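Residues per chain, in single letters:
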Amino acid sequence: MVRIIQGYGQLLLRAMGQTLLLALCGLFFACILGMIFGILSVLKNKACNIIAQIFVDVIRGVPMIVLAYFIYFGLPYGLNTLGGFNVTLTALQAGTACLALNCGAYMAEIIRAGIQSVDIGQMEAARSLGLPYWRAMQRVILPQAIRTMIPSIINQFIITLKDTSILSVIGFPELVNTAKNVVANTFMSFQTWIIVGIMYLIVITTLSRLAKMLERRLNRGRR
Amino acid sequence: MADANQNIKIHVSHLKKDFGKLEVLKDISLDIYEGEVVVIIGPSGSGKSTFLRCMNQLEEVTEGEIIVDGINVTDKKVDINKVRERVGMVFQHFNLFNNMNVLRNLMLAPVDLKKADKAQAEKNAMEMLRKVGMEDKAYAYPAQLSGGQKQRVAIARALCMNPDIMLFDEPTSALDPEMVGEVLQVMKQLAADGMTMVIVTHEIGFAREVSDRVIFMDGGYIVEQGTPQELINNPKEPRTIDFLNKVL
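Structural notes, computed from the coordinates. The model shown is predicted, which means the values in this text are computed figures rather than measured ones.

### Topic: the overall build of chain B
- Scanning chain B from terminus to terminus reveals nine helices and ten strands.
- Over its C-alpha atoms chain B spans a radius of gyration of 18 Å, differing by no more than 12% from the 18 Å that the globule rule assigns to 248 residues.
- The principal-axis extents of the C-alpha atoms in chain B amount to approximately 55 × 45 × 40 Å.
- With 248 residues in all, chain B has 56% of them scored as buried.
- In chain B, the share of contacts with a sequence separation of at least 24, taken over all contacts with a separation of at least 6, comes to 65%.
- Carbon together with sulfur atoms contributes 45% to the accessible area of chain B, which is approximately 10800 Å² in total.

See the structure below:
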């Protein structure tokens, strides 16, 4: 175990950095996608609702590993043979897209549920005072919705952080992929995977503690 | 009862409203005059709340016209927000904004819609709170208030937009009995100040005391209307008599 830490500690730490980078990139775009599709699904417009529903259904209905293979290998190949476009994606780009789509679909559901959990009377009261729909959304509905969304969003962030490990299949040098190489070099799979497990545990536990603190601060003083 | 030469504030003609296959309002025509206090009574499911909600277009109408202060609110091209600014509404379940304290509940619309700057809106809000006897709760959150207090704040919030018309949708139905009086008292004061009011309620005593006209609705129609003396003390239609027998 000590040999692994001495020999490969630096490498594994750098890989954890890559994992966090990938998760951050993915989450950033996932928030944008989630916001867009979440709001599309609560608008009083059938077409918008259907678009959002299709997005969520498709992404939820396909395992992320399939999505990853498709985006990294399938898409460039398809574009090349069918359309003659020469596109190659780096593993980071494909990984980000994959996480953003996957996490985005779940975020969309969290945001939709959060908005719908606010009593309809809140919107009616705001509208009855003459506030336009978007102002009412912004000033009255979203502030209340976000409060109920926060625990689910934090949970989704953690899931996404762990899901980066799936992207080892497209060769992104995140923690699991790097650890595989370490095992291949040292044959010490027992020790290596324990170390990797502990690294994930430390990072995720720290982040969820931070998130809890943030949540408590946001809820302070009000119900 | 209002004179015929008084200004018509709300003109409703041949209003119909369906929810899918369910016809809730079948053919409603009515004029409401400036300064008039109109109480709508009737059994549940008779369409009275829906009728009220059509007046500020919280419900879109299926057919017919509603003209509020000369503006046809059923016309899709009309900016309904402009009309709503002048038509206050009070709900059965209060609907105070839970994420704001009382003062900010009152100031939100006036400041956001640029009816007043912050200082002015705050001064006005405090005045309205005094009017409903809630000035000492200006910094409380809705969750900290009783039902009666919430409803008085809701009335004050509507008044902050300086409306010409106030709509009340069963304002006392969700209140504990001992809190009904404080809300009715505020409404009585408003009526005395000359506000045009349309009130859906089950408080027959209040209707008798305060209203200029009582309307009895059943099955999506206006069955009978008249002064409280006429309608409550001497109803003519069998359905009105039947209803009043049950509630009085």
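### Some thoughts on the sheet that holds strand E4 (residues 63-68) of chain B
Residue and element names in this part refer to chain B.
- Pairing within the open sheet is antiparallel, and its four strands lie in the order E2-E1-E4-E5. Strands with a single pairing partner mark the edges of an open sheet, and in this sheet they are strand E2 (22-33) and strand E5 (71-72).
- With five bridges joining them, strand E1 (residues 8-19) and E4 adopt antiparallel strand pairing. Across the sheet, residue Lys16 finds its bridge partner in E4, namely Glu63.
- In the packing of helix H1 (residues 48-55) onto the sheet, contacts are made with E1, E2 and E4, and the angle to E2 comes to roughly 60 degrees.

### Concerning the packing of helix H1 (residues 2-42) of chain A against helix H2 (residues 46-60) of chain A
Residues and elements named next belong to chain A.
- Remark: H1 packs on H2, axes separated minimally by 7 Å, with the N-to-C direction vectors making an angle of 135 degrees. One way to sum up the angle between H1 and H2 is to call them oblique. With respect to the hand of their crossing, H1 and H2 are arranged in left-handed fashion. Between H1, through Leu33, Phe37, Leu40, Ser41 and Val42, and H2, the contact on the second element is made entirely by Cys48, Asn49, Ile51, Ala52 and Phe55.
- For the contact of H1 with H2, the residue count by class is eight nonpolar, two polar and no charged.

### Remarks on unusual backbone geometry
- We note that Phe187 of chain A has phi near 60 degrees; this positive angle belongs to a residue other than glycine.
- Here Phe187 of chain A shows up in the loop between helix H7 (175-186) and helix H8 (189-219).
- Taking relative accessible area as the criterion, Phe187 of chain A reaches 73% and is therefore assigned exposed.
- The backbone of Asn95 of chain B shows a phi angle near 55 degrees, a positive value even though the residue is not glycine.

### What about the packing of H1 of chain A against H7 of chain A?
Residue and element names in this part refer to chain A.
- Orientation of H1 relative to H7, taken along the N-to-C sense of each, is 160 degrees, at an axis distance of 8 Å. Here H1 is positioned roughly antiparallel relative to H7, judged by the angle of their axes. Every pair of crossing elements has a handedness; the one defined by H1 and H7 is right-handed. Contacts between H1 and H7 involve Ile4, Tyr8, Leu11, Leu12, Ala15, Met16 and Thr19 from the first element and Leu175, Thr178, Ala179, Val182, Asn185 and Thr186 from the second.
- Tallied by class, the residues present in the contact of H1 with H7 amount to nine nonpolar, four polar and no charged.

### Section: the interface of chain B and chain A
- With 24 residues of chain B at the contact, the number on the chain A side is 19 residues.
- Interface area, chain B with chain A, both sides summed: about 2000 Å², of which 52% is carbon and sulfur.
- At the boundary of chain B and chain A, one finds three salt bridges.
- The partner of Asp112 of chain B in a salt bridge is Arg139 of chain A, and the shortest N-O contact between them spans 2.4 Å.
- At the boundary of chain B with chain A, the tally comes to nine residue pairs in polar contact (both at pLDDT 80 or more).
- Breaking the side of chain B that touches chain A down by element, the ones donating at least two residues are helix H2 (80-84), strand E6 (87-90), helix H3 (102-112) and helix H5 (147-159) of chain B.
- A total of three residues in the side of chain B that touches chain A trace back to one element, the largest contributor, which is H3 of chain B.

Reading the values: the criteria
Residues numbered from 1 in each chain as written. Chains lettered and ligands numbered in written order. Predicted model: local features only at pLDDT ≥ 70, side-chain atom pairs only at ≥ 80, totals over all residues. Heavy atoms only, no water. Helix = DSSP H or I, 4+ residues; strand = E, 2+ residues; numbered from the N terminus. Rg over C-alpha atoms; globule rule 2.2 N^0.38 Å. Buried < 20%, exposed > 50% of the residue type's maximum accessible area, 1.4 Å probe, protein only. Contact = heavy atoms within 4.5 Å. Areas by Shrake-Rupley, 256 points an atom, 1.4 Å probe, with all protein chains shown as cover. Pairing = 2+ DSSP bridges. Axes fitted to C-alpha atoms, helices over the stretch in contact; angles between N-to-C directions. Parallel < 35°, antiparallel > 145°, perpendicular 65-115°, else oblique. Left-handed = near helix turned anticlockwise from the far one by under 90°. Nonpolar A, V, L, I, M, F, W, Y, C, P; charged D, E, K, R; others polar. Buried area = accessible area lost by both parts, 1.4 Å probe. Salt bridge = Lys/Arg side-chain N within 4 Å of Asp/Glu carboxyl O. Polar contact = N/O pair within 3.5 Å; in protein donor to acceptor, adjacent residues only side chain to side chain.

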